[in-house]
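Structural overview
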Amino acid sequence: MWRYVSKRIMQGMVVLFIVSFFGFIIFQFLGDPAIAMAGQYATQAEIEAIRVSLGLDRSIYIQYFNFITNALQGNFGISYVTRLPALELVLQRLPATIELAIAAQVIAIVFGVLLGVLVAAFPRALLSKFSVVGSLFGISLPTFAVGILLILFFAVEFPIFPPFGRGELITLPWGWETGFLTWDGLKHLVLPALTLGLLQLALLFRLTRSGMQEALRSNYIRTARAKGLSRFPILFKHALRNVMIPVITIIGLQFGQLVGFSIVTEKIFQWPGTGNLLLSAIFDNDFPIVSTYIILIATLIVILNTLVDITYAFLNPRIRYD
Amino acid sequence: MQKLTLLKGAVTAMFAFTACASTAIASDITVGVSSDVATMEPNGSGSDSNLSVMANIFDGLLQRNSDGKLIPSLATDWERIDALTWRFTLRQGVKFHNGNDFTVDDVLFTFNRLTNPEISNFVNFGAQIASIEPLAGNPWVIDIKTHQPVAFFSQNLPQIFMMDKESTQDRSPGDVGQNPIGTGAYELAEWIKGSHVALAANEDYWGGAPAMDKVTIRPVTEASTALASIMSGSVDILQDVPVSSIKVIERNKKIDVLKTPARRSIFLGLSNAEGQPGSDVRVREAISIAINEEQIIDKVMFGAASLAAQVPDPATIGYNPDIKRPVFNPSKAKALLKEAGYADGFEITLTGPNDRYIQDEQILAAVAADLAKVGIRVNVAAKPKSIVFKELQENKLEFYLLGWFDGSYDYGRSFDKLVTSVDSEKGTGGWNGAAYSNAKLDKMIRDSAKIIDVAKREKALQALNLASQESFALIPLHYQMDVYAITKNAKFDFKPRPDTWLVFKEVTSK
């Protein structure tokens, strides 16, 4: 087991290294930050001086080597646009993104699994037919369309929720700014979390439903029924437990994606998270922010995936990793 | 319709926690802006979106009033003593937000920092200064000497914000860039990056406490969200209304739409290197009369632009009211092309940004379509500004689209970057993307730099502008418009500024 864990961690490191390298290479095709840094009226010589002082005149390999050695010491450089430390800027935005992903995940799990169970149990109910069709929309509608429609409907036509932003925040003792603890913060969370979680909700719904359909046909459920157990304990205690293993795997794997792919949702809802920061950094050629973001998010995803694999091994001892 | 309204009312009422139906206090204002505040380092960003916020927290030696006219700020008086020397009288009794006094030391400190590219976006301006010295016996009067005569020196000063030496020098750049200490009419109350900047009135402001107690500036970068923000009442003012939303907002009875001419013009540049079609002035003229600009304004810009006959806007020194825009005439364009030996037209690549100016990519497509009608086959290369600006600086493009306005209100400075021949030693032609070169214009701009007399200089720049337009050095398309949406029941009076800055001390309550 521990050999497996250490192997996974090593693999993760290699992935991170490759991701950061390609992330860095892309900058070569993204323009010249020195032009914007020098200001509109700078002369060619002044721009060149800035290029040299940033080390942008050196070869890409040397730049990458310097970046990695600094990054390993926790120094991700200074943002070219804001002139503030890059790591601090990304970390300040991380709570917003993680809270959005958690909220989206919770919505997806609660509604996806619940609907999946109910629809498998009551396939003829109106709700079931509606859910099956609805899940198709959830899978096929692009995020930006969902987001814009939700805003127009629930913020402009029927002003129930605020159209954008994160609302009132409370700072927790260790500096984490949370929107979970205020009414205003929760209200701001509903639309973006629904937008971000919709795809996963639909996936979990379909996964749970097909798993449940299969489980409900199996012998042990038939036996349980024959012995006179009532409906809901059978559904949620006996059948669902067996269906949950693949569902949990998907949930674990998708959480990293929720964090990484929240970019579009954050842009639409003007959510002050890392995705929004990344977009403006790309727009402004702010390389230190982009590389810091790529490395942090890649680290997060690698850690999550490793944890999922390890948990999986503990949950299902029949699976062996060597 | 009746039913829908009823349904709406019912659904809305069902949720007792109905959203923020602007319960704003009289002196509270929320503004939606199109780009995020980058930094609180006052001289760390020259973009107007950043300067706009800084102008509330900090003061420059001079400022502009809402008509764009230069007026006193931390300097009460100023004059140009000789070609190289500018004299400023500093305002006494001004205090920074932390209680420190504003003195000559702060001025020296601020100007000295400008040459450091790690914290300053005004390196070029800082490098022009040779020395700053207080007058003997009077620490409230200073003489600033420049290396070369800089006719527009004072015009730049509203962009340079004075910092407190004592509290700035000991703090890390990261701290200075997030916790601003200025002399301005507002203090920073809260900055949640990517979400909002909240400002609180400085009751002890030297110019009197501002009418608005609390100001919130919220970036809303996505066009449809911006529309929702003003329609839902989440913001009182929306700056930079997306042109495609103007009609929708105008139909809303609770919102006023305000359009003011913007300073920025959009224009085309074309190479005149030997062998290039643009080396023949008839081809340049043909292109300028083959573009149906009125249609572009109507269809692409949704009416939110006005015809430009020249690059500078009327407020700029060097604007020449006598320049007339050539009339749209595709058949004459064809004839000119034939005369120039391009009866069958030619092929050319038009490069421009797709994320910088209002409807930029659509303008490029419209220009290409118009030129196709006279036989010029245009390949449109629309790219992110980060790439286009790099290519422009390399001066190797054939044909490009660019937008420009001059924060110093002086066409001479812009001309040196846009049209003067590329010369990296002299620092000219940095933005001359197609390396256009015209010896006559080069001489005229060189001569104009030596003129100190303001009126004579203006005449020279007007002549230069006319000569440049007669040789079609640049092909102007239109001036953009600044479009604002304002809630009708607003409890304040807001007047847009030509520089697009939101200076809240100018806002009065109704």
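About the criteria used
Residues numbered from 1 in each chain as written. Chains lettered and ligands numbered in written order. Predicted model: local features only at pLDDT ≥ 70, side-chain atom pairs only at ≥ 80, totals over all residues. Helix = DSSP H or I, 4+ residues; strand = E, 2+ residues; numbered from the N terminus. Contact = placed C-beta atoms within 7 Å. Buried ≥ 20, exposed ≤ 12 C-beta atoms within 10 Å, placed from the backbone. Core = buried A, V, L, I, M, F, W, Y, C linked by C-beta atoms within 7 Å. Nonpolar A, V, L, I, M, F, W, Y, C, P; charged D, E, K, R; others polar. Pairing = 2+ DSSP bridges. Axes fitted to C-alpha atoms, helices over the stretch in contact; angles between N-to-C directions. Parallel < 35°, antiparallel > 145°, perpendicular 65-115°, else oblique. pLDDT = per-residue confidence, 0-100. Arc of directions from axis to C-beta. Left-handed = near helix turned anticlockwise from the far one by under 90°.

1. Considering the overall build of chain B
In terms of regular secondary structure, chain B is built from 17 helices and 19 strands. Taken along its principal axes, the extent of the C-alpha atoms in chain B is 80 × 70 × 40 Å. In chain B, the share of contacts with a sequence separation of at least 24, taken over all contacts with a separation of at least 6, comes to 69%.

2. Observations concerning the overall build of chain A
Along chain A, the regular secondary structure elements total 13 helices and two strands. Within the span of chain A, comprising 322 residues, buried residues form 40% of the whole. Taking the contacts inside chain A whose residues are at least 6 apart along the sequence as the reference set, 71% of them involve residues at least 24 apart.

3. Some words on the nonpolar core
Counting residues in hydrophobic clusters, the biggest one holds 205 residues, and the most contacted among them are A:Ala104, B:Leu268, B:Ala286, B:Ile363 and B:Tyr400. No other element matches the 16 residues that helix α5 (residues 86-121) of chain A contributes to this core. In contact with A:Ala104, not counting residues within four places along its chain, are A:Ala193, A:Leu196, A:Gly197 and A:Leu258.

4. Observations concerning the interface of chain A and chain B
In this assembly, 49 residues from chain A lie in contact with 52 residues from chain B. Residue assignment for the side of chain A that touches chain B shows that the elements contributing at least two residues are α2 (33-38), α3 (44-54), α5, α7 (143-157), α11 (263-268) and α12 (274-283) of chain A. Of the residues that constitute the side of chain A that touches chain B, the class distribution is 28 nonpolar, 13 polar and eight charged.

5. Some words on the sheet that holds strand β4 (residues 75-82) of chain B
Residue and element names in this part refer to chain B. The sheet built from four strands is open, its strands ordered β4-β5-β7-β6 with antiparallel pairing. Pairing within the sheet leaves two strands with one partner each, and these edge strands are β4 and β6 (129-135). Within this sheet the neighbouring strands show an average axis-to-axis angle of 20°, counted without direction. For strand β5 (residues 85-90) and strand β7 (residues 138-146), the ladder comprises five bridges, and the chain directions are antiparallel. From the neighbouring strand, tryptophan 86 faces β7, where its bridge partner is isoleucine 144.

6. Considering unusual backbone geometry
Positive phi outside glycine occurs at A:Gln270, with the angle close to 45°. Structurally, A:Gln270 can be placed in the loop between α11 and α12. The backbone of B:Thr500 sits at a positive phi, close to 65°, despite the residue not being glycine. A tally of 20 C-beta atoms within 10 Å means that B:Thr500 is categorised as buried.

7. Considering the packing of α5(A) against α12(A)
Residue and element names in this part refer to chain A. Here α5 crosses α12 at 135°, and the two axes come no closer than 7 Å. Between α5 and α12, the angle falls in the class oblique. Mapping the contact onto sequence places Leu89, Val90, Arg93, Leu94 and Thr97 in α5 and Thr274, Gly275 and Leu277 in α12. Grouping the amino acids of the contact of α5 with α12 by side-chain chemistry returns four nonpolar, three polar and one charged.

8. Side note on the confidence of the model for chain B
Residue and element names in this part refer to chain B. Mean pLDDT for chain B: 92, with 95% of residues reaching 70 or above. Across residues 10-25 the pLDDT falls below 50, and counting only partners more than four positions away or on other chains, this stretch makes 16 contacts in the model. Both confidence scores are given for the complex: pTM 0.88, ipTM 0.86.

9. Quick notes on helix α14 (residues 385-393) of chain B
The α-helix winds at 3.6 residues per turn, so residues separated by three or four positions along the chain end up facing the same way. Residue and element names in this part refer to chain B. The complete set of buried residues in α14 reads Lys385, Ser386, Val388, Phe389, Leu392 and Gln393. One side of α14 carries all its buried residues, which in axial view fall inside an arc of 165°. Looking one or two residues past α14, asparagine 395 carries a phi angle of roughly 55°, positive in sign.

10. Here's the deal with helix α8 (residues 223-231) of chain B
Residues and elements named next belong to chain B. Where burial is concerned, most of α8 is hidden: eight out of the nine residues are buried. Among the residues of α8, those classed as buried are Ser224, Thr225, Ala226, Leu227, Ala228, Ser229, Ile230 and Met231. In the segment just after α8, glycine 233 is the residue with positive phi, at about 80°.

11. Remarks on the pairing of β5(B)
Residue and element names in this part refer to chain B. Burial along β5 is one-sided: Trp86, Phe88 and Leu90 are buried, while Thr85, Arg87 and Thr89, pointing the other way, are not. One ladder, built from six bridges, connects β4 with β5; its direction is antiparallel. If you follow arginine 80 over to β5, its bridge partner there is tryptophan 86. If you look at the hairpin formed by β4 and β5, you'll find two residues sitting between the two strands.

12. Quick word on the environment of B:Val220
Mapped onto the elements of the fold, B:Val220 is located in the loop between β10 (214-219) and α8. Separated by 25 residues in sequence, B:Val220 and B:Ser195 have C-alpha atoms that sit 8.6 Å apart. The contacts of B:Val220, once residues within four sequence positions are left out, are A:Phe164, A:Gln270, B:Gly32, B:Thr225, B:Ala226 and B:Ser229.

13. Notes on the packing of helix α8 (residues 183-216) of chain A against helix α10 (residues 231-260) of chain A
Residue and element names in this part refer to chain A. Orientation of α8 relative to α10, taken along the N-to-C sense of each, is 160°, at an axis distance of 9 Å. The pairing of α8 with α10 is recorded here as roughly antiparallel in orientation. Seen along the crossing, α8 lies across α10 with a hand that is right-handed. Listed contacts from α10 to Leu196, Gln200, Leu203, Leu204, Leu207, Thr208, Gly211, Met212, Ala215 and Leu216 of α8 are Ala239, Asn242, Val243, Pro246, Val247, Ile250, Gln254 and Leu258. Residues belonging to the contact of α8 with α10 are distributed by class as follows: 13 nonpolar, five polar and no charged.

14. Concerning the pairing of strand β16 (residues 399-404) of chain B
All names here are of chain B. Extensive coverage of β16 is indicated by the burial of five of its six residues. In the sheet, strand β12 (residues 255-270) pairs with β16 via six bridges, with the strands oriented antiparallel. When the bridges of β16 are listed, isoleucine 266 appears paired with glycine 403. Here strand β14 (residues 347-353) runs beside β16; their pairing, made up of two bridges, is parallel. Looking at the pairing, leucine 350 lines up with phenylalanine 399 of β16.

15. With respect to the environment of B:Gln155
Residue and element names in this part refer to chain B. Topologically, glutamine 155 is positioned in helix α5 (residues 153-156). Separated by 252 residues in sequence, glutamine 155 and glycine 407 place their C-alpha atoms 8.0 Å apart. In contact with glutamine 155, not counting residues within four places along its chain, are Leu70, Ser408, Tyr409 and Asp410.

16. A word on the environment of A:Asn70
Residues and elements named next belong to chain A. Mapping asparagine 70 onto the fold places it in helix α4 (residues 60-72). Take asparagine 70: there are 13 C-beta atoms within 10 Å of it, and that puts it in the partly exposed class. Asparagine 70 sits 46 residues away from glycine 116 along the chain, and the two C-alpha atoms are 49 Å apart. If we skip the residues at most four places from it in the chain, asparagine 70 touches Asn75 and Gly77.

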